[in-house]
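# Summary of structural features
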Amino acid sequence: MIEKNYQPADIETRMARLWEEAEAFKAGRPERRDAKPFTVVIPPPNVTGSLHMGHALNNTLQDILCRFERMRGRDVLWQPGTDHAGIATQMVVERQLMERQEPGRRDMGRAKFLERVWQWKAESGGVIVNQLKRLGASCDWSRERFTMDEGLSRAVAKVFVELHREGLIYKDKRLVNWDPKLLTAISDLEVQQIEVKGSLWYLRYPLEGKTFNPEDSSSFIVVATTRPETMLGDTAVAVNPDDERYADLVGKHVILPLVGRKIPVVADEYSDPEKGSGAVKVTPAHDFNDFEVGRRHNLPQISILDQEGCLALVDNEDYLRGLPEGASQLAEELHGTDRFAARKLIVARLEDFGFLERIEPNTHMVPHGDRSGVVIEPYLTDQWYVDAHTMAQPAIAAVRSGATNFVPKNWEKTYFEWMENIQPWCISRQLWWGHQIPAWYGPDGKVFVAETEEEAVGNALGYYVEQEVITPEQGDEMARDPDKREGFITRDEDVLDTWFSSALWPFSTLGWPDDETDVARYYPTDVLVTGFDIIFFWVARMMMMGMHFMKDVPFPTVYIHALVRDEKGAKMSKSKGNVIDPLHLIDDYGADALRFTLAAMAAQGREIKLASQRVEGYRNFATKLWNACRFAEMNGCALPPDFDATQATQTLNRWIAHETARATREVTEAIEAYRFNDAAASIYRFVWNVYCDWYLELAKPVLMGEEGAAKSETLAMVAWARDEILKLLHPFMPFITEELWAVTARRDGLLVLTAWPRKAGLTSDEAVMMATTSPNDGLLPPVLLALDTGDFSDPAAEAEIGWVVDLVTAIRSVRAEMNITPATLTPLVLAGASDETRGRAQRWNDVVRRMARLGEISFADRPPEGAVQLLVRGEVAALPLKGVIDLSAEKTRLDKELAKAEADIKRVDAKLGNEKFVANAPEEIVEEEKEKRDAAAARKAKILEALERLKNAA
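A brief report on the enclosed structure follows. (Residues numbered from 1 in each chain as written. Predicted model: local features only at pLDDT ≥ 70, side-chain atom pairs only at ≥ 80, totals over all residues. Heavy atoms only, no water.)

## Points about the sheet that holds strand β13 (residues 356-369)
In space, the three strands of this open sheet follow the order β8-β7-β13, with antiparallel pairing throughout. Edge positions in the sheet fall to β8 (220-225) and β13, since each has one partner strand and no second. Taking each pair of neighbouring strands and ignoring which way they run, the sheet shows an average axis angle of 20°. The pairing of strand β7 (residues 191-206) with β13 spans 13 bridges and is antiparallel. Its bridge partner being in β13, Leu203 is matched across the sheet by Leu356. (Pairing = 2+ DSSP bridges. Helix = DSSP H or I, 4+ residues; strand = E, 2+ residues; numbered from the N terminus. Axes fitted to C-alpha atoms, helices over the stretch in contact; angles between N-to-C directions.)

Written out as structure tokens, the structure reads:
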């Protein structure tokens, strides 16, 4: 029996346990051995993570697809796992050591520190997995992987070695995003651009051969910079080749202030004549754009900062080279000074010597480390790189050819822009937690790349014997005795970028390279569901690695979902205090309500504006379903064996079969097209409006009437339609539907493994669920065959019941618009009614009068005077309202409402027409104004419609 009140928390715990005991989500089930596989890999969340709203959306959409395809008979593998999250995890453990007042990472040493990280992972690393289970994620949890487990680590080493052998991985000195606090290179995704109110310094650089005079503009060129402290590393001044102001200076030299270094003036399009002075200093070792300018003009790269962001000038040969005598004094004064303190000292010195022309306030974006919070430094250092340009070509071709498609399609443009302008991928990180780079260095610095240390040692000994650095006897002795070769070769201390291992996720999780059985069955996967922010960092790299090692795309479809924002459209952030915790919403309203909310709002290309009221609304939807199922149960509605809904004889019952088939088609086709919001809207409309508000209401007189064939059929039909609803709704709201299925359907077998209702065009083979021999105590169904309702259609039943629904709806709408009280019974005149309409009006007279609050229904050749006319399915239904309401007063009221709506539209239009407002107002405020205008326009349209009715009634 269904409990009186819907309590999601009790249901969710019980259903989760039921699924786990039945191994309901397991891939490769015996009964599906010959079924077509459906594979999805979860974007692995950080092992340090906790469920946020982005996770909730992403995994809800994946779960809808997986539950949908599982019910369609596919062998579903939803591959779960977590990412080792190099920087994040290392920081968590280091913070823990500090809080416990234990020795720090460097005091502890690498081996012991890594032991502590693994210990932390064992104790605390599974939090987000349990949270995903609370959401209802139907992953095959028995296959859970971790990017640092043994199998994936072997895959990482093999890929690194093979790419290095092919020349696609190499070591180079380039600029990287350097975190001076964490002392490591970081990826672009870990860099947060923050708007800072800073300054723009205009500096005078003396021209070579001229006596510098601050009062004589012909003796210097003015450059503008936001980073005066890096001027010590300048190697050129750049001007635009089309800037006539500086045309005669190109090819000449200036003298670097304070330093005395002679540097050239070069012509480069990077310099914007409209910005600053039109001339910029070029510091190739401390700016990404300057680095590229330097490469184009073959400029020296002078790094003046150390890893901690302090000036490193003493013993800096690159800096000291070519300086005049006495210039080293400045180096000694500033050496070791923090970059921001050095900025103040250098600016003061420039001002003292007349080199500072002026300072302007300047608001600009400054890169910060998202974990450390410090300003990121473009830093010149030796790192390992992947030749991303070469590897990107097959991945670009795969999308151009249609082997992989993006949904929505417009994201392909973003993909191409990134891939066609791709830079070398820096894959080394100066951390301890992660995949240590499989490269060893000999005594002379030669690199030996190998999958194992034993292989590297063998290669190194062979090489040095051949080079006669050691004798064959020494080589043999060192090969036999590890103690003899200790320190002979040393391993690279750096680890790989986390995205490197993540790029292998679609095939490394399937056992590659150790066992390729599952690779053969489940690769390529069917679809990737992810956010747009990692198209480049993850999607593109999976494409590159998949094409290179599997010779096939990792997925034919990439579905890109939008961001979840707050109800005003603002991005969620802790600093704004507008973060919505999905776990709190689950606690308050249940996982099903949250899931349905996210699906209902997941329109392609449109960001989600989430408010807790929306979740509460869908909790009410779940309650509505719960109460409808209780109503059916309390009235004895049950599904007889072998019941065939398509053979119903009652018009009302044939109508609900027709509407069920329609809903099945709509939901199925929408999910297939990744239109999750349309699918949710269809099932919502069907459950709330069609089944609850109309079918059950229209069926009540039969259910409460005399026994007989009509009542028996209706009892069965109510139960049948209820069961079809539970199937259609299950991918969206799995917990409540599984509970209601277990209580009301009273069949062996889980809903999660029950056949999806068929839709038109589906073959019998696709609809049939294969025979199941269950090892789980009869929890699974023996044979499940989807009833062929998707092909069912009864236009006559739809015309009859549809007329009743449309008529009552139209009358209710007018009553609401005209403020007619429920106690007031109005007459209805059917003007010029056809024989069919007359028949329907007679058959449904009592129902229409009760539901539309009518006094009587009559017929006439034409509408009476003073009647509001309604067009219902091509025929006129008139409501005589003279004497019922004051038509003149009602028109006055509506005119006032119209004026208010038009004033609201005018006010918003004035705001949106103000370019300054649109440019300066936060994005969410502009969107809010647009929504206000849309609401006012919709209100205006309804008022105009009501006024037109009154006009006809006058």
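Read on, since the account is not over.
## Some points on the pattern of salt bridges
Across all of its chains, the model carries 65 salt bridges by this definition. As a salt-bridge pair, Glu208 and Lys262 come within 3.5 Å of each other at their nearest N and O atoms. Residue Glu208 is located in the loop between β7 and β8, and its partner Lys262 is located in strand β11 (residues 262-267); the two are separated by 54 residues in the primary sequence. Using a relative accessible area of 39% as the deciding quantity, one classes Glu208 as partly exposed. A salt bridge links Arg685 to Glu666, with the shortest nitrogen-to-oxygen separation between them at 3.9 Å. Placement of Arg685 in helix α24 (residues 676-703) and of Glu666 in helix α23 (residues 651-672) is noted, with a sequence separation of 19 residues between them. When salt bridges that share partners are traced, they join Glu69, Arg72, Arg74, Asp526 and Glu672 into one network. (Salt bridge = Lys/Arg side-chain N within 4 Å of Asp/Glu carboxyl O. Buried < 20%, exposed > 50% of the residue type's maximum accessible area, 1.4 Å probe, protein only.)

## Remarks on the packing of helix α28 (residues 795-817) against helix α30 (residues 845-852)
The contact between α28 and α30 brings their axes to 9 Å, and the two run at 25°. The angle between α28 and α30 falls in the class roughly parallel. In this structure, α28 meets α30 at a crossing whose hand is right-handed. Contact residues: α28 offers Val804, Leu807, Val808, Ile811, Arg812 and Arg815, while α30 offers Val848, Met851 and Ala852. A breakdown of the residues in the contact of α28 with α30 according to their chemical character gives seven nonpolar, no polar and two charged. (Parallel < 35°, antiparallel > 145°, perpendicular 65-115°, else oblique. Left-handed = near helix turned anticlockwise from the far one by under 90°. Contact = heavy atoms within 4.5 Å. Nonpolar A, V, L, I, M, F, W, Y, C, P; charged D, E, K, R; others polar.)

## Side note on helix α14 (residues 453-466)
In a regular helix each residue adds 1.5 Å, so 14 residues correspond to 20 Å; α14 covers 20 Å between its end C-alpha atoms and thus fits that length. On its buried face, α14 sits against β18 (439-441), β19 (447-449) and α15 (472-480). Glu468 occupies a position one or two residues after α14 and carries a positive phi of about 60°. (Expected span 1.5 Å × (residues − 1).)

## Overview of the pairing of strand β1 (residues 37-41)
Of all five residues that make up β1, five are buried, and the element is covered over most of its length. Where burial is concerned, the two faces of β1 agree: the one with Pro37, Thr39 and Val41 and the one with Phe38 and Val40 are both buried. Sheet topology places β1 next to strand β2 (residues 75-79); five bridges connect them, and they run parallel. If you follow Val40 over to β2, its bridge partner there is Trp78.

## Details of empty space enclosed by the protein
Considering all chains together, one arrives at six cavities of 30 Å³ or more under this definition. In this structure, the second largest cavity spans a volume of roughly 60 Å³. In this structure, the second largest cavity is lined by Gly86, Ile87, Glu190, Arg429, Leu431, Leu496, Asp497 and Thr498. (1 Å grid on protein atoms, 1.4 Å probe; cavity = no way out; pocket = protein on both sides within 12 Å on 5 of 7 lines; lining within 4 Å. Points joined across faces, edges and corners; volume = space filled by probe spheres on them.)

## Let's talk about the side chain of Gln96
Within the element layout of this structure, Gln96 appears in helix α3 (residues 86-99). Excluding residues within four positions of it along the chain, Gln96 makes contact with Arg116 and Trp120.

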